[in-house]
Amino acid sequence: MVVLIDAHTHLGSFPLFNVELDVKGMLSIMNKYNISACIVFSLPNKVTLDAVEKYPRRIFGLVWVNPYEGEKAVSEVKKYIEDFGFKGIKLHPLLDAFLPDQDVVYPIMNLARKYDVPVLFHCGHPPWSLPWHFGNLADVYPDVKIILGHMGHGHIVYINGAIEVAKKHENIYLETSGMPMHAKIKEAVEIVGVDRVLYGSDMPFGHPAFEIEKVRVSGLSEDELELVLGKNALRLFKLKL
């Protein structure tokens, strides 16, 4: 049986999108779709922490910060990784209006290097989160694992761009949520490598009901499906279920 790990989820209420999800709702979805664990990032980070502490073998946290907050962001990352065992860092260039290759990101990337944890970025919306800027960042930090959430999202130029920059940089990983083209998952596996593609749902903005199926119908072999749907995330986030 394939171990399912959802590498991109959120908790909380999001009125702009008319969606919300609490940890009980997330656990219900996980149980229905046989998802062993979720990677969660929410604002404030205390929402994620409460879920991690309540379900430590099923919910794993990424600490979400705005790099413009400087020392506050640095302290937040240190606290949540050192004190609470969070598994990585989430950055959102679109919401916080920074480019991934700007110097303001470097203190956070330095911490990712120090703690040897991945950084998951929102990817796929101009002008702030286009794939090519992540290539520049990967050149500066070749030893930090960078995950492109949504692997370019809904625009074919950005999806192709995400695959292109990941092909050129061995430390860039692609996560599948919100990207509508199932065939591009297989293409990413063939071009980038099966070890660097991760399943995600973007709950509650997306849903495992269709996001898992999108991966399953992409044309991957059973061995490839096992890696993309779970084993890659287990290894990348160093999860112990």
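Refer to the preceding data block for the structure.
Residues numbered from 1 in each chain as written. Predicted model: local features only at pLDDT ≥ 70, side-chain atom pairs only at ≥ 80, totals over all residues. Heavy atoms only, no water.

Colleague: Which residues make up the pattern of salt bridges, and what are the values?
Modeller: Taken as a whole, this structure holds 8 salt bridges when the rule is applied. Between Lys46 and Asp50 there is a salt bridge whose closest N-O contact spans 2.7 Å. In this pair, Lys46 and Asp50 both sit in helix H2 (residues 45-54), 4 residues apart, roughly one turn of the helix. Take Lys46: its relative accessible area is 46%, and that puts it in the partly exposed class. Residue Asp50 is classed as partly exposed on the basis of its relative accessible area of 37%. Notably, a salt bridge pairs Glu226 with Lys231, separated by 3.0 Å at the nearest N-O pair. Its relative accessible area of 27% is what places Glu226 among the partly exposed residues. (Salt bridge = Lys/Arg side-chain N within 4 Å of Asp/Glu carboxyl O. Helix = DSSP H or I, 4+ residues; strand = E, 2+ residues; numbered from the N terminus. Buried < 20%, exposed > 50% of the residue type's maximum accessible area, 1.4 Å probe, protein only.)

Colleague: I'd like a description of the sheet that holds strand E1 (residues 4-9), backed by residues and values.
Modeller: In a beta sheet, neighbouring strands are held together by backbone hydrogen bonds and run either parallel or antiparallel to one another. The strand order E1-E4-E5-E6-E7-E8-E9-E10 describes an open sheet built from 8 strands, whose pairing is parallel. Strands at the two margins of the open sheet, each flanked by one partner only, are E1 and strand E10 (197-198). Of the pairings in the sheet, the one linking strand E6 (residues 88-91) to strand E7 (residues 119-122) comprises 3 bridges and is parallel in character. Looking across to E7, one finds that Lys90 is bridged to Leu120. Lying over the sheet, H2 contacts strand E4 (35-40) and strand E5 (59-64), oriented at roughly 160 degrees with respect to E5. (Pairing = 2+ DSSP bridges. Contact = heavy atoms within 4.5 Å. Axes fitted to C-alpha atoms, helices over the stretch in contact; angles between N-to-C directions.)

Colleague: Any details on the layout of surface pockets? Residues and values, ideally.
Modeller: Each pocket or cavity is described by its volume, and for the largest pocket that value is around 350 Å³. Phe17, Trp64, His92, Leu95 and Phe205 are, among the 20 residues lining the largest pocket, the residues nearest its centre. For the lining of the largest pocket, the elements supplying multiple residues, two or more each, are strand E2 (12-14) and helix H4 (93-96). In terms of residues, the lining of the largest pocket owes the most to one element, E2, which gives 3 residues. Residue composition of the lining of the largest pocket, grouped by class: 9 nonpolar, 9 polar and 2 charged. (1 Å grid on protein atoms, 1.4 Å probe; cavity = no way out; pocket = protein on both sides within 12 Å on 5 of 7 lines; lining within 4 Å. Points joined across faces, edges and corners; volume = space filled by probe spheres on them. Nonpolar A, V, L, I, M, F, W, Y, C, P; charged D, E, K, R; others polar.)

Colleague: Describe the nonpolar core, with residues and values.
Modeller: Ile89 and Phe121 are the most contacted members of the largest nonpolar core, which totals 67 residues. Setting aside chain neighbours within four positions, we find Phe121 in contact with Leu91, Pro93, Phe98, Pro100, Val105, Met109, Phe134, Leu137, Ile146, Ile147, Leu148 and Gly149. Within the second largest apolar cluster, 16 residues are counted, among which are Phe60, Leu62, Leu120 and Ile147. (Core = buried A, V, L, I, M, F, W, Y, C linked by side-chain atoms within 4.5 Å.)

Colleague: A description of unusual backbone geometry should follow, citing residues and the corresponding values.
Modeller: Following Leu43, the chain continues to Pro44 via a peptide bond in cis, the omega torsion being -5 degrees. Mapped onto the secondary structure, Pro44 falls in the loop between E4 and H2. The residue after Pro126, namely Pro127, is reached through a cis peptide bond having omega -5 degrees. Its identity as a non-glycine residue notwithstanding, Asn18 has a phi of 60 degrees, on the positive side. Within the element layout of this structure, Asn18 appears in the loop between E2 and strand E3 (19-21). When its relative accessible area of 70% is taken as the criterion, Asn18 is described as exposed. Of note in the backbone geometry, His150 takes a positive phi value of approximately 75 degrees without being a glycine.

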